Amino acid sequence: MATLFEWNDGTAPTTAGSSVTVDNTVGYPATPGLLIQQGALQVAVARWDFTAQATLALRFYLHTPAAWPSAAQAIAAFKVGGTSVVAQFAFAGTGAPGQVRLVRTGGTTVVQSANGTIAVDTTYRVELQLDTAGSRARTAVFPIESDTPAWDSGWQTHTNFAVSPSRVEVGSVNANPTVGTYWVDTILGTDSAADWIGRAPGDGAGPSFGMALTIWNGTSEVPAILTYWDGATETPYTLDTA
């Protein structure tokens, strides 16, 4: 599995549409996060471009808005550059509050959860996968500190899912409806859809015996992540019994 792109270090990513800003007061498992403030009839996304991939996986943390929009909004999308959509993760609006969906080209829902699967003003881990050889896609939403999804679409097949994307967008992908303010964080894209990417270091990965690893930032205790350099990347420590 190779990393295609990653965001969690506070560097401003490429953005499109209305306000997407690095904010040191939001985020999970630790700050900063990307604050999305969607203006009326505008998109508001962070964007990553890469060589077209036959398999692709995306993980990000989403803190839902304080109220549902008037209609469904795509919060993540695989695209073939430009505006050609392959697959999307979306949540519904006031007509089906708390419902999450796997969406294909043209904004058509492939499968959806029950209403009330997610709540407003709450943080979740979201994952989205694509396997173009099998013409299939899958998405799931997880409570934090959990490997059990609140909803899993299962693999769904459609000819739209046979196209290899070269861009990922996270944020308000549609110009309409307007979601308002929410945030996303700890974004990771890989070239493998063999399994869920899983929790980020710090998402329930504290020391043994129930201790939470935190650090004082001058104002409050925030989650801390203990890692080591393995010669290529920062890797989280694991704690085992002797």
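Further up the page is the structure itself.
A few points on the structure. Source: prediction; values computed, not measured.

The rules behind the values
- Residues numbered from 1 in each chain as written.
- Predicted model: local features only at pLDDT ≥ 70, side-chain atom pairs only at ≥ 80, totals over all residues.
- Heavy atoms only, no water.
- Pairing = 2+ DSSP bridges.
- Helix = DSSP H or I, 4+ residues; strand = E, 2+ residues; numbered from the N terminus.
- Axes fitted to C-alpha atoms, helices over the stretch in contact; angles between N-to-C directions.
- Phe/Tyr/Trp six-rings, centres within 6.5 Å; stacked < 30°, edge-to-face > 60°.
- Buried < 20%, exposed > 50% of the residue type's maximum accessible area, 1.4 Å probe, protein only.

1. Here we look at the sheet that holds strand S5 (residues 44-49)
Working step 1: The 7 strands are arranged S2-S5-S15-S7-S8-S9-S10 in an open sheet whose pairing can be described as antiparallel. One side of each edge strand has no neighbouring strand; the edge strands of this open sheet are strand S2 (14-17) and strand S10 (108-112). Averaged over all adjacent pairs, the angle separating strand axes in this sheet is 25°, with direction ignored.
Working step 2: For S2 and S5, the ladder comprises 4 bridges, and the chain directions are antiparallel. Paired with alanine 16 across the two strands is valine 45, which belongs to S5.

2. Comments concerning the packing of aromatic side chains
Working step 1: Taken as a whole, this structure holds 6 aromatic pairs when the rule is applied.
Working step 2: When the centroid spacing of 5.9 Å and the interplanar angle of 80° are considered together, the rings of phenylalanine 142 and tryptophan 196 count as edge-to-face. Note that phenylalanine 142 is positioned in strand S12 (residues 136-143) and tryptophan 196 in the loop between strand S16 (181-190) and strand S17 (214-216), a separation of 54 residues in sequence.
Working step 3: Classification of phenylalanine 142 as buried rests on a relative accessible area of 1%.
Working step 4: By relative accessible area, which is 18% here, tryptophan 196 ends up buried.
Working step 5: The structure contains a cluster of three or more aromatic residues connected by ring pairs, namely Phe5, Trp48 and Phe50.

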